[in-house]
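Each chain, letter by letter, is given below.
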Amino acid sequence: MCEESDSTLIARAKENPEAFGALYERYVDKIYNYICYRVGSDQDAEDLTARTFYRALEHFPSYEDRGAPFSAWLYRIAHNLVANWHRDNSRRKMITLDDMILRAPKGKGPAIRAEKSDEEDVMLTAVRGLAPDRQQLIVLKHVEGMTNAEIGEVMGRTEGAIKSLYHRTLVTLREDLADQWERLT
Amino acid sequence: MREEKIAEALAIHTERRSVGPVAEQMADLTEEEHDELASLIGVADRLEMRMQPVQASPAFVRSLGQELVGAAEQHIAKRRRRHRIAVISAAVAGAVVSIASVVGGIVVLIKWLRTRTEARQASTA
């Protein structure tokens, strides 16, 4: 069966709560994923995911479908909530490696996961040390698998600006990670 | 070093927009630029491999979904109620204005007739 388009669902969701539920189901995993990588704690990620969708629901009547992806709007809400969360929390909990491994997609054996753990830990620490916009870019690109054009829509920048920011971010990460990777390999 | 060229090559690589190694399509890069690109692609590939999607607990997803549908129902009902109240208020206001204008018209007419009668009586006297 053909999946209903976002535009159709959005139009229906203005009058039909089930349609809003369908939009939620379509994007909850992506939003949770994004928030989880940005805050590093599953409890906080659940809390912020819930707040993202409640805020979306609150502002939904004034949402206008102007052709930009609905997900871009949701990511912007999530990004603002994450920024507030970071501001409000001076002491940030880092996600434990065990948590990340437990939530990793099925199909990856435990041995492979164990091998990866040190490098994952180092990498996550380095990514969380980046400026917020760069963290956002890395998560959207490598976890969410978005293109530069899609990331541009979420971050309100041009595709060219995203390409350039990505390049600078990789240069920074390479410098931050160089010594630690050498130690690991 | 042309950073724009390297940024473009990175975009091609990460978005899998073309077939074959990026280096082949970037034949005009210098050796130094090739090395720089290869090193950055190495970082990008490691990120790609290590940053795997995480999954929310199904119980959380299900319960939040149910809460949201319930909340959406209330929002829609509240909006409809507000809309109904606005329509009824506008109708009542319209009716009041209509009645007031009719009453006003009658008052003005009576006053005008009375003034005219008084003027006639004065002129005949």
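Structural data are supplied above this passage.
Residues numbered from 1 in each chain as written. Chains lettered and ligands numbered in written order. Predicted model: local features only at pLDDT ≥ 70, side-chain atom pairs only at ≥ 80, totals over all residues. Heavy atoms only, no water.

## Remarks on the overall build of chain A
As a reminder, the rule being used: The helix count covers DSSP runs of H or I at least four residues long, the strand count covers runs of E at least two residues long, and both are numbered beginning at the N terminus. Whether a residue is buried, partly exposed or exposed follows from its accessible area with a 1.4 Å probe, protein chains only, as a fraction of its type maximum: under 20%, in between, or over 50%, in that order. Contacts: residue pairs with any heavy atoms within 4.5 Å of one another. Under the convention used here, a 1.4 Å probe and the Shrake-Rupley method define accessible areas, while residue burial counts only the protein chains that appear.
Along its length, chain A carries 9 helices and 0 strands. Starting at the N terminus and walking to the C terminus, you meet the elements of chain A as α-α-α-α-α-α-α-α-α. Taking all 185 residues of chain A together, the buried fraction comes to 50%. In chain A, the proportion of contacts linking residues at least 24 apart, taken out of those at least 6 apart, comes to 60%. Counting every atom, chain A has about 9,000 Å² of accessible surface; 48% of that belongs to carbon and sulfur.

## So, the interface of chain B and chain A
Convention followed: When two components associate, each loses some accessible surface as probed by a 1.4 Å sphere; the sum of these losses over both components is called the buried area. Salt bridges are counted wherever a side-chain nitrogen of Lys or Arg sits within 4 Å of a carboxyl oxygen of Asp or Glu. In the analysis that follows, any N or O atom pair within 3.5 Å is treated as a polar contact, provided that within protein one partner can donate a hydrogen and the other can accept it, and provided that, for residues neighboring in sequence, both atoms belong to side chains.
Listed per partner, the contact involves 40 residues of chain B and 51 residues of chain A. Surface buried jointly by chain B and chain A totals about 4,400 Å² across both partners, of which 63% is contributed by carbon and sulfur atoms. In terms of surface lost to chain A, no three residues of chain B exceed R50, M51 and V54 of chain B, which account for 18% of the buried area on that side. Inspection of the region where chain B meets chain A yields 3 salt bridges. Where K163 of chain A meets E8 of chain B, a salt bridge forms, and the shortest distance between an N and an O atom there is 2.5 Å. At the junction of chain B with chain A, the criterion picks out 12 residue pairs in polar contact (both at pLDDT 80 or more). Elements that contribute at least two residues to the side of chain B that touches chain A include exactly α1 (3-14), α3 (31-50) and α4 (58-124) of chain B. Of the residues forming the side of chain B that touches chain A, the biggest block, 14 residues, is contributed by α4 of chain B.

## Points about the nonpolar core
So the rule is basically this: We call a set of buried Ala, Val, Leu, Ile, Met, Phe, Trp, Tyr and Cys residues a nonpolar core when their side-chain atoms join them within 4.5 Å.
Counting residues in hydrophobic clusters, the biggest one holds 75 residues, and the most contacted among them are I35, F60, F70 and L173 of chain A together with L47 of chain B. With 13 residues, the single largest contributor to this core is helix α2 (residues 17-39) of chain A. Not counting chain neighbours up to four residues away, the residues in contact with I35 of chain A comprise G40, A45, L48, T49, T52, A78 and V82 of chain A.

## What to know about the packing of α1 of chain B against α3 of chain B
All names here are of chain B. Counted only if it meets this: Here the axes come from fitting lines to C-alpha atoms, over the contacting stretch only for helices, and the angles between their N-to-C directions go from 0 to 180 degrees. For this classification, under 35 degrees means roughly parallel, over 145 means roughly antiparallel, 65 to 115 means roughly perpendicular, and everything else is oblique. Should the near helix be turned counterclockwise from the far one by less than a right angle, the crossing is left-handed, whereas a clockwise turn marks it as right-handed. Here the term charged refers only to Asp, Glu, Lys and Arg, the term nonpolar to Ala, Val, Leu, Ile, Met, Phe, Trp, Tyr, Cys and Pro, and the term polar to all other amino acids, Gly among them.
Where α1 contacts α3, the two axes come as close as 10 Å, and the packing angle between them is 40 degrees. Looking at the two axes, α1 sits oblique to α3. Every pair of crossing elements has a handedness; the one defined by α1 and α3 is right-handed. Within the contact between the two elements, α1 uses I6, A9, L10, H13 and T14 and α3 uses E33, E36, L37, L40, I41, A44 and D45. Among the residues making up the contact of α1 with α3, the classes are represented as 7 nonpolar, 2 polar and 3 charged.

## Things to note about the packing of helix α1 (residues 6-13) of chain A against α2 of chain A
Residue and element names in this part refer to chain A. Interhelical geometry of α1 versus α2 gives an angle of 140 degrees and a closest axis separation of 7 Å. On the basis of the axis angle, α1 is oblique to α2. Of the residues in α2, those in contact with D6, L9, I10, R12 and A13 of α1 are A19, F20, A22, L23, R26 and Y27. Per-class residue counts for the contact of α1 with α2 are 8 nonpolar, no polar and 3 charged.

## So, the pattern of salt bridges
Residue and element names in this part refer to chain A. The tally for this structure, following the rule as stated, stands at 8 salt bridges over all chains. Linking D47 and R51 is a salt bridge whose minimum nitrogen-to-oxygen distance equals 3.2 Å. On the criterion of helical spacing, the pair formed by D47 and R51 is a turn pair, its members being 4 residues apart in helix α3 (residues 42-59). Since its relative accessible area comes to 37%, D47 is described here as partly exposed.

## Brief notes about the packing of aromatic side chains
All names here are of chain A. The condition that has to hold: Any Phe, Tyr or Trp ring, taking Trp's six-membered ring, that has another such ring centre within 6.5 Å forms a pair; planes under 30 degrees apart are called stacked, those over 60 apart edge-to-face, and the others tilted.
A complete count under the given rule lists 10 aromatic pairs over all chains for this structure. A ring pair is formed by F60 and Y63, whose centres lie 6.3 Å apart and whose planes are at 5 degrees; its orientation type is stacked. One exposure class covers both F60 and Y63, and it is buried. Among the aromatic residues, those joined into a cluster by ring pairs are F20, Y27, F60, Y63, F70 and W73.

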